Amino acid sequence: MKARHWEDDPAVRSDQGIGDTFGDVIARRLSRRDLLRAGLVAGFGVALTGIGDSPAHADGQVRPSPTGLDFAPLTPSKGPDVLVPAGYRSQIVVRWGDPLGPGASDAFDPAALTPRDQAVRFGYNCDFVGFMPLPRGSRTSDHGLLVVNHEYVNPELMFPVESPGDLTREQVDACMEAMGLSVVEVRRAAGRWSVVVDGARNRRVTATTSVIITGPARGDERMKTSDHPDGTSCTGTMHNCSAGTTPWGTVLSAEENFQDMFGNASALMDARDRRSAQRYGLGENESVYRFERHLDRLDCGKEPHEPYHFGWVVEVDPYDRDWTPRKRTALGRFRHEAATTHVTRGGKVVLYSGDDARFEYVYKFVCARPYDPRNRAVNRDLLDDGILYVARFNEDGSGDWLPLVHGRGPLTEDNGFRSQADVAIDARIAAHLVGATKMDRPEDIEVNPANRKVYVVCTNNVDRGADGKAKPDRPNPRVRNAHGHIIEIAEAGDDHAATSFRWELFMVCGEPDDPATYFAGFDRSQVSPISCPDNICFDRRGNLWIATDGQEKALDRRDGFYAVPVAGPERGRLRQFMESVEGSEVCGPEFTPDGKTVFLAIQHPGEGSTFSNPTTRWPDGSGPPRPSVIAIQAENGGVIGGRGT
Ligand code: FEO
Ligand code: CA
Ligand code: CA
């Protein structure tokens, strides 16, 4: 779908009431220096070096770019395998069904997959990938733990069935074991990564693992179920999308589209339960997956409080398999895309997380107590005590973090909030009441270690500006936003615990010949097309790397992986680094500390087709497609994206 230039849309102009064009907005966000660089100021156009070239200097010498990015952007080929630039190679590290211990046989037979078997094998639909060095606390780059989220299942690709409703009880149980997380020990030797199959820390956390509930919702009336009558624990984690790591070496796994698991919400009797179910999008009748046909706890009529056990951030310690995972309810309940921590200059831990749904919000949590880098034990419960905020992006480029605290402002009993537990459980409702800004599906949010700015990825929102829906605004500037955008935030005083910030648009995605696109002011004729940005990370120089989800629909291109500098004369110069396989999205970008390997998760290859007739049988060439983590390295062993740096 081709994006429209929103300044041409009369609905937008009348809604804003100010007659601003997109160009006006951009101009205010850009310094004159940026405009000069981009050649946008008449008479001051600057010559831009060709893509892939290094800049020639006045002394005639060619020097490496200060960004370190010198690969030639890909020309996509829609081939059978992952495509990387000349000078790079990719390899499979671990696939759905690969054994994670001696309890699983080497041979993987999806047609005979049992729940018990899946529970000791790598799960499905890998998303977040974290590389946790071994030993813990080191900067080792050739030995570590891959912690991988398994977001959801594609039963129609995993089993020879027409739809999820045709699954047997045993297949449904296997699907529940295929979600959650994997901890996989990996090692690099002679330039190749391999799984340490008998690694002592290898394990699965699944939708049936015991989990402790902590924070304000612990023990609340609404957390009590038949299996967990005191509301202090729950069964499993699922729809684990992206995640983050903590400074003390744990992983914060984000539960996203849990609402798709729950059906029969129309049977809910309690008014509070009904309000929450509607706001969070539980299935009124059958769920998307229809697993409630076999599992009573997914049927709201039978277990009305079970949905309150999901939509949280779950802390898992990959280094300690005996430490029971914790759901940190102080961080709020919504469709968490990710959970990114940052230590402020004052030593406090803050956490950013987006609610990935149309017109939902961007959140930040500031821990009450400082982080102690010398004492891991005292950091254990930091995430249970602090203030949850939600973002308001003002039209003038300022922004405010609005506290979600029981008793403050509208968050009172009159509006259905009896306690902080209610605020946490119904964070979406609380955020709406305090006046948060409705965003275009906030996905990943990450802090750039080089400039400490916060990058918020809005993947798309085709309902923006539709009848009865919120109109475009400055932070979400496009009608029927099919391609998404990225916002750059500078916290006030460079303090990530601050309650105000400045923001600007960094990128408005799409085909570069679409005048509605914007690449931080860089000459758009010199950049790669991109749509639906999702997960991001930064290399050692602070360049932004972007993985996409949804380009096949939005741009008729495969999803891929891109790099773009955020500083200097090449700010905004986006280049495609990798093209994925048919039907897949690209997730989990993660560099090793030495910057010489990037791990990517290839999620749902072949999605849109079926087990019996898949559009791809990647990576094996036979059997069903298998979601897999890949590693990309330079053939010369150098840093990813750069020449010998
Ligand atoms: Fe699971 Fe928002 O992507
Ligand atoms: Ca995602
Ligand atoms: Ca996504």
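Right above here is the structure, for reference.
Throughout this document, residue positions are counted from 1 along each chain, in the order its sequence is written. For naming, the first written chain is A and the first written ligand is 1, with later ones following in the order written. Since the coordinates come from a predicted model, pLDDT governs what is reported: local features require at least 70, and pairs of side-chain atoms require 80 or more to be given and counted, while whole-chain, interface and lining totals use all residues. Only hydrogens and water are set aside; all other atoms, that is, all heavy atoms of the structure, feed into the side-chain values.

**As for the coordination of the calcium ion (ligand 3)**
Any N, O or S atom lying within 2.8 Å of the metal counts as a donor, and for Na, K and Ca the limit rises to 3.2 Å; water is left out, so some sites can look incomplete. Protein ligation of the calcium ion (ligand 3) involves Glu443 (OE), Asp534 (OD) and Asp549 (OD), the donor distances falling in the range 2.4 to 2.5 Å. We note that the donor set of the calcium ion (ligand 3) lies within a single chain, spaced as E-x90-D-x14-D. In this structure, the calcium ion (ligand 3) lies 3.4 Å away from the calcium ion (ligand 2), the two metals sharing Glu443 as a donor. With Glu443 in strand 20 (residues 442-447) and Asp534 in strand 25 (residues 533-538), this pair connects stretches of sequence that are 91 residues apart. Judged by its relative accessible area of 2%, Asp534 is buried. Secondary structure elements follow DSSP: runs of H or I no shorter than four residues count as helices, runs of E no shorter than two count as strands, and numbering proceeds from the N terminus. Partly exposed describes any residue whose relative accessible area lies between the buried limit of under 20% and the exposed limit of over 50%, with all areas from a 1.4 Å probe on protein chains only and scaled to the type maximum.

**So, helix 6 (residues 169-178)**
Helix 6 sits mainly inside the fold: eight of its 10 residues count as buried. Taken together, the buried positions of helix 6 are Gln171, Val172, Asp173, Ala174, Cys175, Met176, Glu177 and Ala178. Of the residues trailing helix 6, Gly180 is marked for its positive phi of about 100 degrees.

**A word on the layout of surface pockets**
Approximately 1400 Å³ is the volume attributed to the largest pocket. Here the lining of the largest pocket takes six residues from strand 2 (residues 126-133), the largest share from any one element. A class-by-class count of the residues in the lining of the largest pocket yields 21 nonpolar, 16 polar and 10 charged. For each structure, a 1 Å grid was placed over the protein atoms alone; sets of points admitting a 1.4 Å probe that cannot get out are labelled cavities, open sets with protein on both sides within 12 Å along at least five of seven lines are labelled pockets, and lining residues have an atom within 4 Å of a point. Lining the second largest pocket are 41 residues, and of these Arg441, Asp549, Gly550, Lys553 and Glu607 sit closest to its centre. Elements that contribute at least two residues to the lining of the second largest pocket include exactly helix 5 (155-158) and helix 11 (551-554). Among the elements that line the lining of the second largest pocket, the one with the most residues is helix 11, at three residues. Looking at the lining of the second largest pocket, its residues break down into 13 nonpolar, 11 polar and 17 charged. Both domains that furnish three or more residues to the lining of the second largest pocket are identified here as domain 1 (6-52 + 63-256 + 311-634) and domain 2 (258-310). Grid points are joined across faces, edges and corners, and a volume is the space filled by probe spheres set on the points. Each residue gets one of three labels, nonpolar for Ala, Val, Leu, Ile, Met, Phe, Trp, Tyr, Cys and Pro, charged for Asp, Glu, Lys and Arg, and polar for the others, Gly among them. Each domain's extent was defined by an automatic or database domain assignment.

**Notes on the environment of Phe310**
Mapped onto the elements, Phe310 comes out in the loop between helix 7 (271-280) and strand 11 (313-316). A relative accessible area of 0% means that Phe310 is categorised as buried. For the pair Phe310 and Thr235, spaced 75 residues apart in sequence, the C-alpha to C-alpha distance is 9.6 Å. Non-local contacts of Phe310, meaning those with residues more than four positions away in its chain, are made with Thr235, Gly236, Thr237, Met238, Glu255, Phe258, Phe262, Arg297, Lys327 and Arg333. In this description, contact between two residues means that some pair of their heavy atoms is separated by no more than 4.5 Å.

**Describing the sheet that holds strand 8 (residues 233-235)**
Think of it this way: DSSP has to see at least two bridges between two strands before they count as a pair. Strand order in the open sheet formed by six strands is 8-7-12-11-10-9, and the pairing between neighbours is mixed. Each of the sheet's edge strands pairs with one partner strand only, and the pair in question is strand 8 and strand 9 (240-245). Ignoring strand direction, the axes of neighbouring strands in this sheet form an average angle of 35 degrees. The sheet contact formed by strand 11 and strand 12 (residues 326-328) spans two bridges and is antiparallel. Directly across from Val314, in strand 12, lies its bridge partner Lys327. Angular values range over 0 to 180 degrees, each being the angle between N-to-C directions of two axes fitted as lines to C-alpha atoms, with helices fitted over their stretch in contact.

**Looking at the coordination of the calcium ion (ligand 2)**
Here the calcium ion (ligand 2) is held by Glu337 (OE), Glu337 (OE), Glu443 (OE), Asp534 (OD) and Asp534 (OD), and the distances to it run 2.3 to 3.0 Å. Note on geometry labels: four donors, all angles 85 to 135 degrees, give tetrahedral; four donors become square planar and six octahedral when opposite donors are over 155 degrees apart and every other angle is between 65 and 115; remaining cases are irregular. Coordination geometry of the calcium ion (ligand 2): the six donor atoms subtend angles of 46 to 126 degrees at the metal centre, consistent with an arrangement described as irregular. Donor residues for the calcium ion (ligand 2), ordered by position in the chain, follow E-x105-E-x90-D.

**Digging into the packing of helix 7 against helix 10 (residues 427-434)**
Packing of helix 7 against helix 10 brings their axes to within 9 Å, and their N-to-C directions diverge by 80 degrees. The angle between helix 7 and helix 10 places the two elements in the roughly perpendicular class. Within the contact between the two elements, helix 7 uses Arg275, Arg279 and Tyr280 and helix 10 uses Ala427, Arg428 and Ile429. Partitioned by chemical class, the residues of the contact of helix 7 with helix 10 number three nonpolar, no polar and three charged. Roughly parallel here means an angle under 35 degrees, roughly antiparallel means over 145, roughly perpendicular means 65 to 115, and every remaining angle is called oblique.

**Comments concerning unusual backbone geometry**
In this structure, the amide linkage connecting Leu134 to the following residue, Pro135, adopts the cis form with an omega of 0 degrees. Structurally, the position occupied by Pro135 is in the loop between strand 2 and strand 3 (143-150). A cis geometry characterises the amide bond from Trp618 onward to Pro619, with omega recorded as 5 degrees. Relative to the helices and strands, Pro619 resides in the loop between strand 30 (597-603) and strand 31 (628-634). One non-glycine residue, Ala190, lies in positive phi territory at about 50 degrees. Along the polypeptide, Ala190 turns up in the loop between strand 4 (180-189) and strand 5 (192-195). Positive phi, normally seen in glycine, also occurs at Arg290, with a value near 65 degrees. Relative to the elements of secondary structure, Arg290 occurs in the loop between helix 7 and strand 11.

**Details of the sheet that holds strand 29 (residues 585-591)**
Pairing is antiparallel in the open sheet, where four strands are placed in the order 1-31-30-29. Looking along the sheet, the strands with just one partner apiece sit at the ends: strand 1 (88-95) and strand 29. Pairwise comparison of adjacent strand axes, ignoring direction, gives a mean angle of 25 degrees for this sheet. Looking at chain direction, strand 1 and strand 31 are connected through seven bridges and run antiparallel. Pairing of Gln91 across the sheet is with Ala631, part of strand 31.

**What to know about the pattern of salt bridges**
Salt bridge, as applied in this entry: a Lys or Arg side-chain nitrogen positioned within 4 Å of an Asp or Glu carboxyl oxygen. Throughout the structure, instances matching the rule amount to 43 salt bridges. Connected through shared salt-bridge partners, Arg222, Arg272, Arg418, Asp422 and Asp426 make up one network.

**Observations concerning the side chain of Ser609**
Structurally, the position occupied by Ser609 is in the loop between strand 30 and strand 31. With relative accessibility at 7%, the residue Ser609 sits in the buried group. Distance and chemistry together define a polar contact, namely a pair of N or O atoms within 3.5 Å, with one atom able to donate a hydrogen and the other to accept it when in protein, and with adjacent residues in sequence counting only for side-chain atoms on both sides. Polar contacts involving the side chain of Ser609 include one to the main-chain carbonyl oxygen of Gly606, which spans 2.6 Å. A polar atom in the side chain of Ser609 sits 3.0 Å from the backbone nitrogen of Thr615. Ignoring sequence-local partners within four residues, the contact set of Ser609 consists of Glu156, Leu157, Pro614 and Thr615.

**Quick look at the packing of aromatic side chains**
Stacked, tilted and edge-to-face are the three classes assigned to paired rings of Phe, Tyr and Trp, where Trp is represented by its six-membered ring and a pair needs centres within 6.5 Å; plane angles under 30 degrees give stacked, over 60 edge-to-face, the rest tilted. Enumeration over the complete set of coordinates arrives at 24 aromatic pairs. Counting every residue linked through ring pairs, the aromatic cluster contains Phe71, Tyr88, Trp545, Phe561, Phe577 and Phe591. The rule for a charge over a ring is simple: NZ of Lys or CZ of Arg within 6 Å of the ring centre, and within 35 degrees of the ring normal. Geometry around Phe417 places Arg275 over its ring, the cationic atom sitting 5.6 Å from the centre. A cation over an aromatic ring shows up here: Arg575 above the ring of Phe71, its NZ or CZ 5.5 Å from the ring centre.

**A short note on helix 10**
Most of helix 10 is tucked away, with six of its eight residues classed as buried. Ala427, Arg428, Ile429, Ala430, Ala431 and Val434 are the residues of helix 10 that are buried. Buried residues belonging to helix 10 abut helix 7, strand 15 (358-360), strand 16 (362-370), strand 17 (386-393), strand 18 (398-403) and helix 9 (420-425). Remark: Gly435 follows helix 10 within two positions and exhibits a positive phi of approximately 95 degrees.

By themselves these figures say nothing about function.
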